[in-house]
Amino acid sequence: MLDLAPLTIPFPGGHMRTTKAAACLTLAWTIVITACASDRPCASPCGTIIVNITGAPETVLPVFAVSSNAQAITGLLFLPLAEIGNDLNYLGDGGFEPRIARSWTFEDSVTIVFALDRRATWEDGEPVTARDVVFTYELYRHPAVNSDEREDISDIVAVEAREEHIVAFSFSHPYQQQFYDATYHMRIHPAHLLDTIPREALRTHDLTRAPVGSGPYRLGRWDVNSTVELLANPDFFLGAPGVARIVVQVVPDLNTTVSQLIAEETDFADFLGSPSNVQRVRETKEVAVIDFPSLAYVFVGFNLRDPSSPNRPHPLFANRDVRRAIGLAVDLAAIAEAVLGDSSAVPSGPVSRGNALWDYEVERTPFDVGRATQLLESQGWTETDSQGYRVRNGQRLSFTLLVPSSSGMRRQAAIIMESQLHAAGIEMLIEELEFNAWYERSQRGRFDATLGNWGQKPNPANAIGGAWGTGGPDNWGSYSNAAFDSMLAAASRATNPAQARTNWLAALRLLQRDPPAVWVFAPSQAAGVHGRLQNVFVRSDDWGATMWRWQIASDQMLPRDRVGVP
Amino acid sequence: MGRFVLRRLAQSAVIVFLVATLTFVLLRMAPGDPVRAQFRDVTVSQEVIDEYRRSWGLDRSMPVQYVQYLGNLIRGDFGQSFSLHRPAWDVIREALPNTVVLALAALGISFATGMVLGTAQGANPNSRMDHTLTVITLAVFSIPIFWLGLMFMLVFGQWMGWFPIGGEVSPVYRGLPLVGQLADRFRHLVLPALTLGLGGAAVVARFHRAAMAEAFAENFIRTARAKGLSEQTVVLKHALRNALLPAITMFGLSLPVLFSGSVLVEYVFAWHGMGLAAFEAVGRRDYNVVTAITMIGATLVVAGNMVADLLYRLADPRTAES
Amino acid sequence: MRRLSLAIAIAGAAVVVLRFPRIMELFSSGAAGSIVAAVCAVLVPPAAGLAWHWNRRPGARPSESRTARLLDNRQFVLGTGVVALLTYAAVIAPVLSSFDPNTQTDLLGAATLAPSLQHPFGTDFYSRDLFSRMLYGARWSLGIAFVAVTLVVVVGTSVGVIAGVTGGIVDSVLMRMVDGGLAIPRVLLLLVVAALWGNLGFFPLAVLLGLTGWFGVSRIIRAEVLSLKERTFLAAARALGISQLRLVVRHILPNLVAPVTVTAALGVGNIVLIEASLSYLGIGARPPDPGWGNIIREGHELIFTAPWISIFPGAAIFLTVIGFSLVGDGLRTALNPRAS
Amino acid sequence: MSESSPGPLVAIENLVKHFPASTRLFARPSYLKAVDGVTLSLDRGETVALVGESGSGKTTLGRCVLRLTEPTSGTIWFDGTDVLALGSADMRALRRRMQIVFQDPAGSLNPRMAVGTAVREPLEVHRIARGKAARDRVADLFEEVGLDPSLTSRFPHELSGGQKQRVGIARALSIEPEFLVLDEPVSALDVSVQAQVVNLLTDLQRSRNLTYLFIAHDLAVVRHVATRVAVMYLGRIVERARVVPLYDRPLHPYTASLLSAVPVPDPTVKRKRIVLAGEIPSPRNPPPGCPFHTRCPHPLKDARCTTDEPALRELQPDRWVACHYAENPMEKPAP
């Protein structure tokens, strides 16, 4: 057969050709859209940032925010005592920037005293005081308010107002993450407005839809399903924001978001999806791609218990060598490259790229089919059936992997893994489930293996312990290793960074030898940003964190920047 | 006729009630937990989960929940949206007008295009034009709707830049003058409405062609022609009037199809209507929102069918006699 | 129809000649599926040739019969041709393609290749041969459609006939059920139901599609029965003391053949479309097995960079729907006794 | 078959059939009185003609007799049996003795069934004959009604109207009934064929000793067939008599007008034709008093006619009329 060069179908990437008619139409539109905005020069704040998110934010009050989008949006309206640094350091106070708190002192090993910034005011003009901080702490701790941050601040035993602008935090014991716990989880809420509302009625109270904050932006308009409009607070005590308005719109389909970015209809999306989407954006000169480390990692979790009767060990995965053999039989680097493209990375354990632990040098499991074969044969999987799968006592070496259908990346990884494991004589059946069904099956332990994805906070201790520690609430596969548990505890309670590091390293090495999962990949995330935006930085845990400092060059403004901006 | 209307109203109420019950039960049977669905990919303590469940009344047994739900419903309360911390009605109040606008535009496109094509075909059956149009309408009917949407988006949105790519209005809509707002709405409506309406146009054209051909074959058309009426008068006055009945039936039947199609179109075009809201709410296991949207969708469909039936009776008194 | 037989015979013969080594390979493989495909590939061309020859004989067709009218209907013949070719390709899939549909030939080197001679439809994200996946996907997509439509027709006709013949309360109850069924947005219903099971597998999915698709059919059939009931020949049959059962079986059902066939033919295309939409939403064939809907779904993410992945299955769905619509239209015209 | 019981073969007493029908939006439910108290009897071997314009209820009456339409009230006796009291099994047995031939020969045959099969079907259903015997029987029947037995494999749309009607007759005769309702059996046929079919029917009556209820919308056809005639108007019988006296001297103005419309073979004869004004009123709301008064051409018509409904009274032996002025009939139309 002749081997010709592949036929390529011409498919222009950007907007290549615009017909005359189209040009006329666009011109007409531009006239309509600009007619209403006078041609005044841009004094800061000016312009509009349009942000695409995939799902509607559930709230605009931080204490109820759960999704990352709601956290980013509420973060623009409400301030914490201090903001975590861009390096996401959570040990001591390194890198933290003042916000509501102007300064702080470590009074003793269990007390931090904050001095509040006297310039800080609520939108209604009231000053922000120590009373608000105390109120906020009580709010976050209150069972009826039921904030999911409640557990993260459980080491804080008391918050008291010493003066109108002095507040003291007391901790149950000395540890490295005290400052992080005092500042990262809570954003200060206005006591004078919210204190009179019964706590259980707060969640649905009218004030939660018209929040009064102290941040760089104020809520302009909120359409539940579609858009949140934020307007700059020109009197913000830390300096006026750079951009006059932020419109956050809900666009569920990432293809649509990417097309909108390319067509300059939107300015920012923190997630672009597949590498091919990222590539499309890269090819557009008006839009920049910003890579930043993600706080998530993807894994194949093994169930160590028999899914049909949890008291019995799993017939396959209770055996450590079978688990290791599966890890050795998949070419994780190839999967990462195929699925994530350039930003590929294989994790060494349950850690994400945005996590400070990422730099610790723990060896990755190598791709070594020979070693895998050796391990399987040592366990009696010596024969092979007609389809090439290993057989022992007439039983095929076969298991089912649960995959949530909502995640394209995970599905792709599963399909590649299926093929690689087939080559090693292991049958992996893929069972795609709708996200909630997948979650329920996984959480109830009704699976052989499940393809999961955990997001982490800057401090990963709670998330790692919850997912892999004995009896952890999210330990779906019932993994239990007392040595690992104690190393984890030691790492969390370490009083200096070196000690913490030693314990973390030991814990991760242990997980490598006795793997409860295959750590598949730790993605780096790509955000699309319109080129006219300057001073842009995307922090891994919160896309909105630095947005108030973003700016638009006045000579690069688009017509839509001016429409309706007061 | 009055009894007929009353009976149909009663039946419609029963249908909507049954649909609500079925949705209620199906949702709670479906795996997944509304509380867990709020915490995607993040760990959360059981304590928090339990408190949510208690405050949403999910800790009670299904029959108790059902009775409470019905009680609220009778008072016109669709319950709270779990994921948005506000009444489910708020979600619908925002989404419903968007869906109605899209559906009406799509219906308009379907019927206007379909009737014109169908009339052109039916008036000259088996002509060359008839055959060409048959193939074209078949082709349009056969295109998967989401594919059509993406292609429209790519060609007319991105390459040509004629129309915006998604959303029902621009993000800066509110700052526009009235004329600008109208133009903005129109520009956003074109692609989704075409996507949703073209498939329907093909169906309408096919049915209308058949009806027209049949009407033309009937004697009275021959009589009308014999009387020396112009071809145009024959087509418009006589044949069209008689072919209206199938069109009315089509209208009733096309409503459910529209609602199903709108889920995909709304998803692709980020059109914040009921279909998209339902899609998201199913994903978040937001029981009350899903049930409310299904009920309202069912009400619209049932009402549409009822109107179609009434029109049918008014247009053709013979049906009332049997 | 004669020309169609001839076309199939020639195409089939060409396949046999061009893919002869592959056929021999399949014969010697020993796998039952491969041998069946090889046997079909060898047998179809002579069978089509015979059909052509038989039709060529003078007087082979009584010019007055309904069959003859059907075979003279150009739309019907064209539609049948399209459907037959697609089905034929699906049956002899292993003969036409040397690639296994699920094999990832070279994950990092041969992914998303544009169409070439080696890969006529290109390769997908996983470097799998799309031509092969299309052929095997046809088995899934067409198979589901056939099974589901059978179910739709059987249930829809039964309910329609029962409601129409019985009348009264039974009719009211059944029709209100149908109204209810029509009032629930089908995609929503399927979303919720599918969430219960995930990857359903062939028959459950077909049954699900079938059981949610009969409402409209039963409406049409009931209306048809009601209009039949007004016809004198049923009164004549009743006057002759013919039992209700026989009345239904011998007098009503045969007169429903036309609407039922037309509905069925149009229904196949509809089900293929719905299955594709469902796969798009993540409910379809279990990966890595191909179905047209799955292929489109996998191509969706790459639609702007590797459009061929979704163009070919889209076109296949398009062809199927057109084919069956033409068949349905042809049947409608030919089976209408007044049309002569 | 019992030939034993004396008296008429079929006796209809005070038969009423109402159809529910609501007229206008938000109106109270009303009824359409298709048949409104008809009494009629047929002796063995005779032909009673039932005549009236369309809408007069004669077809409904014919169908009621066979219970193809369930009457609202009244009694029907067939050979001494109360037909309306029969259960479905007994009714099916009785159906062997009474049959119907419909007006529309095309509609009364299943378009999807070969005509031979259609005639054979009742034979098999009633276990009269099956297999070859049944086929022979069908061939005989075809010959008897004047059809070529080779037509048995044809479908209805391949036959002419006259042929179809002959099939319909053969089918009705297949189970050897004693009584036939002929529901305008020839009115849908071409005039040339009409006579042939009518002749066939008279021949069959003679050879098989059949009793006919012959329904027709004018008096022309029935003159040579019927022994007695009943004229219906708006669901009621307005005149009932033997053929000769009725044709000679119609006592009811409606009969007179119908009779005046019968063409006379001799074109030289001039005759005054009575043309009725308007159309038959809707049976949904029949006029008060004499139902015919709105169109009555009788010179003596007066206020009484609009208020009092005339009873059907026996004016002469076997001569019943429902007209206040039956004693002063209108002039017999010329000659």
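Keep in mind it's a predicted model, so treat the numbers as computed, not measured. (Residues numbered from 1 in each chain as written. Chains lettered and ligands numbered in written order. Predicted model: local features only at pLDDT ≥ 70, side-chain atom pairs only at ≥ 80, totals over all residues. Heavy atoms only, no water.)

Remarks on the overall build of chain C
Alright, step 1. Helix and strand counts for chain C stand at 15 helices and zero strands.
Alright, step 2. Here chain C holds 340 residues, and 59% of them are scored as buried.
Alright, step 3. If you take every contact in chain C between residues at least 6 apart in sequence, the share linking residues at least 24 apart comes to 74%.
Alright, step 4. Surface exposure of chain C reaches about 13,300 Å², of which carbon and sulfur atoms provide 68%. (Helix = DSSP H or I, 4+ residues; strand = E, 2+ residues; numbered from the N terminus. Buried < 20%, exposed > 50% of the residue type's maximum accessible area, 1.4 Å probe, protein only. Contact = heavy atoms within 4.5 Å. Areas by Shrake-Rupley, 256 points an atom, 1.4 Å probe, with all protein chains shown as cover.)

Some thoughts on the packing of aromatic side chains
Alright, step 1. Overall, the coordinates contain 46 aromatic pairs over all chains when judged by the stated rule.
Alright, step 2. Plain terms: the ring middles of Phe121 of chain C and Phe131 of chain C are 5.1 Å apart, the flat faces sit at 85 degrees to each other, and that makes the pair edge-to-face. Here Phe131 of chain C lies in helix H7 (residues 130-166) and Phe121 of chain C lies in the loop between helix H6 (93-96) and H7, a separation of ten residues in the sequence.
Alright, step 3. In this structure Phe121 of chain C comes out as partly exposed when scored by relative accessible area, which is 21%.
Alright, step 4. Residue Phe131 of chain C is classed as buried on the basis of its relative accessible area, which comes to 19%.
Alright, step 5. Of the aromatic side chains, those joined through ring pairs into one cluster are Phe96, Trp104, Phe106, Phe114, Phe169 and Phe179 of chain A.
Alright, step 6. Here the guanidinium or amino end of Arg364 of chain A rests over the ring plane of Trp358 of chain A, the centre of that ring lying 5.2 Å away. (Phe/Tyr/Trp six-rings, centres within 6.5 Å; stacked < 30°, edge-to-face > 60°. Lys NZ or Arg CZ within 6 Å of the ring centre and 35° of its normal.)

Re a nonpolar patch on the surface
Residues and elements named next belong to chain C.
Alright, step 1. Together, Phe20, Met24, Phe27, Val39, Val42 and Leu43 give the surface a local cluster of nonpolar side chains, amounting to about 500 Å² of exposed area.
Alright, step 2. Elements represented by at least two residues in the nonpolar patch include exactly helix H2 (20-29) and helix H3 (32-56).
Alright, step 3. Turning to its location among the elements, Leu43 is positioned in helix H3.
Alright, step 4. Assessed through its relative accessible area of 52%, Leu43 is described here as exposed. (Patch = residues over 30% accessible without salt bridge, like charges linked within 9 Å, V, L, I, M, F, W, Y side chains within 5 Å. Salt bridge = Lys/Arg side-chain N within 4 Å of Asp/Glu carboxyl O.)

Description of the nonpolar core
Nonpolar side chains tend to gather and get buried jointly when the protein is soluble and globular.
Alright, step 1. Counting residues in each nonpolar core, the largest one holds 284 residues, and the members touching the most others are Phe114, Phe169, Val520 and Trp543 of chain A.
Alright, step 2. A total of 16 residues in this core trace back to one element, the largest contributor, which is helix H13 (residues 244-280) of chain C.
Alright, step 3. A domain-level breakdown of this core finds at least three residues from each of domain 1 (2-96) and domain 2 (144-334) of chain C.
Alright, step 4. In this view, Phe114 of chain A contacts Leu81, Ala101, Ser103, Trp104, His165, Ile166, Val167, Phe169, Phe179, Ala182 and Thr183 of chain A; residues no more than four positions away in its chain are not counted.
Alright, step 5. Judged by nonpolar contacts, the second largest core, of 63 residues, contains Phe142, Leu159, Val186 and Phe292 of chain D. (Core = buried A, V, L, I, M, F, W, Y, C linked by side-chain atoms within 4.5 Å. Domains from an automatic or database assignment.)

Re the domain arrangement of chain C
Residues and elements named next belong to chain C.
Alright, step 1. Considered domain by domain, chain C is made up of domain 1 (2-96) and domain 2 (144-334).
Alright, step 2. Contacts between the two partners involve twelve residues from domain 1, matched on the other side by eleven residues from domain 2.
Alright, step 3. At the boundary of domain 1 with domain 2, total buried surface from both sides reaches about 1,000 Å², with 77% on carbon and sulfur atoms.
Alright, step 4. Three residues stand out in domain 1 for area buried against domain 2, namely Gln75, Val83 and Leu86, and they jointly supply 40% of the buried area on that side.
Alright, step 5. The interface formed by domain 1 and domain 2 includes zero salt bridges. (Buried area = accessible area lost by both parts, 1.4 Å probe.)

Structural notes on the interface of chain C and chain D
How big an interface is tends to be stated in terms of the accessible area lost upon association of its parts.
Alright, step 1. Of the residues lining the interface, 21 residues belong to chain C; the matching set on chain D comes to 26 residues.
Alright, step 2. Between chain C and chain D, a total of about 2,100 Å² is buried, with carbon and sulfur atoms accounting for 53% of that surface.
Alright, step 3. For chain C, the biggest contributors to the area lost against chain D are Thr232, Ala239 and Leu240 of chain C; these three give 28% of the whole.
Alright, step 4. Counting the contacts that link chain C with chain D gives one salt bridge.
Alright, step 5. Salt-bridge contacts for Glu121 of chain D lead to Arg246 of chain C; the nearest nitrogen and oxygen are separated by 2.9 Å.
Alright, step 6. At the boundary of chain C and chain D, one finds twelve residue pairs in polar contact (both at pLDDT 80 or more).
Alright, step 7. Where the side of chain C that touches chain D is concerned, the elements lending two or more residues are helix H12 (232-239) and H13 of chain C.
Alright, step 8. The biggest single contributor to the side of chain C that touches chain D is H12 of chain C, with seven residues.
Alright, step 9. By residue class, the composition of the side of chain C that touches chain D is eleven nonpolar, five polar and five charged. (Polar contact = N/O pair within 3.5 Å; in protein donor to acceptor, adjacent residues only side chain to side chain. Nonpolar A, V, L, I, M, F, W, Y, C, P; charged D, E, K, R; others polar.)

A look at the pattern of salt bridges
Alright, step 1. Under the defined criterion, the tally for this structure stands at 66 salt bridges over all chains.
Alright, step 2. Ionic pairing is found between Asp90 of chain B and Arg93 of chain B, a salt bridge with its closest N-O pair at 3.6 Å. Placement of the pair is Asp90 of chain B and Arg93 of chain B together in helix H5 (residues 88-123), with a separation of three residues, close to one helical turn.
Alright, step 3. On the basis of relative accessibility, which here comes to 9%, the residue Asp90 of chain B falls in the buried class.
Alright, step 4. Across the pair Arg295 of chain D and Glu53 of chain D runs a salt bridge whose closest N-O atoms are separated by 3.0 Å. Linking Arg295 of chain D in the loop between helix H9 (253-260) and helix H10 (303-307) with Glu53 of chain D in the loop between strand E3 (47-51) and helix H1 (58-65), this pair joins segments that are 242 residues apart in sequence.
Alright, step 5. Exposure remark for Glu53 of chain D: the relative accessible area of 22% places this residue in the partly exposed category.
Alright, step 6. Within this structure, Glu83, Glu97, Arg99, Arg539, Asp541 and Arg549 of chain A form a network of salt bridges that share partners.

Digging into unusual backbone geometry
Leaving glycine out, the prevailing phi sign among residues is negative, and the prevailing peptide bond configuration is trans.
Alright, step 1. For the bond running from Pro287 of chain C to Pro288 of chain C, omega is 10 degrees, close enough to zero to count as cis.
Alright, step 2. Of note, the phi angle at Arg67 of chain D is positive, near 60 degrees, even though the residue is not glycine.
Alright, step 3. Assignment of secondary structure puts Arg67 of chain D in the loop between H1 and strand E4 (73-78).
Alright, step 4. Residue Arg67 of chain D is classed as buried on the basis of its relative accessible area of 15%.
Alright, step 5. The phi torsion at Asp79 of chain D lies on the positive side, around 50 degrees, for a residue other than glycine.

A look at the interface of chain B and chain A
Alright, step 1. Taken residue by residue, the interface counts 61 residues in chain B and 75 residues in chain A.
Alright, step 2. When the buried surface of chain B facing chain A is broken down by residue, Asp41, Gln158 and Trp159 of chain B rank first, second and third, together holding 13% of it.
Alright, step 3. Seen at the junction of chain B and chain A, the total is five salt bridges.
Alright, step 4. The salt bridge involving Arg150 of chain A is made with Glu47 of chain B; its shortest N-O contact spans 3.4 Å.
Alright, step 5. Mapped onto the side of chain B that touches chain A, the elements with two or more residues apiece are helix H2 (34-38), helix H3 (46-55), strand E2 (86-87), H5, helix H7 (145-159), helix H8 (178-217), helix H10 (231-268) and helix H11 (274-283) of chain B.
Alright, step 6. Its residues assigned to classes, the side of chain B that touches chain A shows 29 nonpolar, 16 polar and 16 charged.

Some remarks on the packing of H5 of chain B against helix H6 (residues 128-141) of chain B
Residues and elements named next belong to chain B.
Alright, step 1. Put simply, H5 and H6 touch, their axes get as near as 8 Å, and they point 145 degrees apart. For the pair H5 and H6, the crossing hand works out as left-handed. Note on element contacts: H6 touches H5 through Met129, Asp130, Leu133, Thr134 and Thr137, opposite Leu117, Ala120 and Gln121.
Alright, step 2. Classifying every residue of the contact of H5 with H6 by side-chain character gives four nonpolar, three polar and one charged. (Axes fitted to C-alpha atoms, helices over the stretch in contact; angles between N-to-C directions. Left-handed = near helix turned anticlockwise from the far one by under 90°.)

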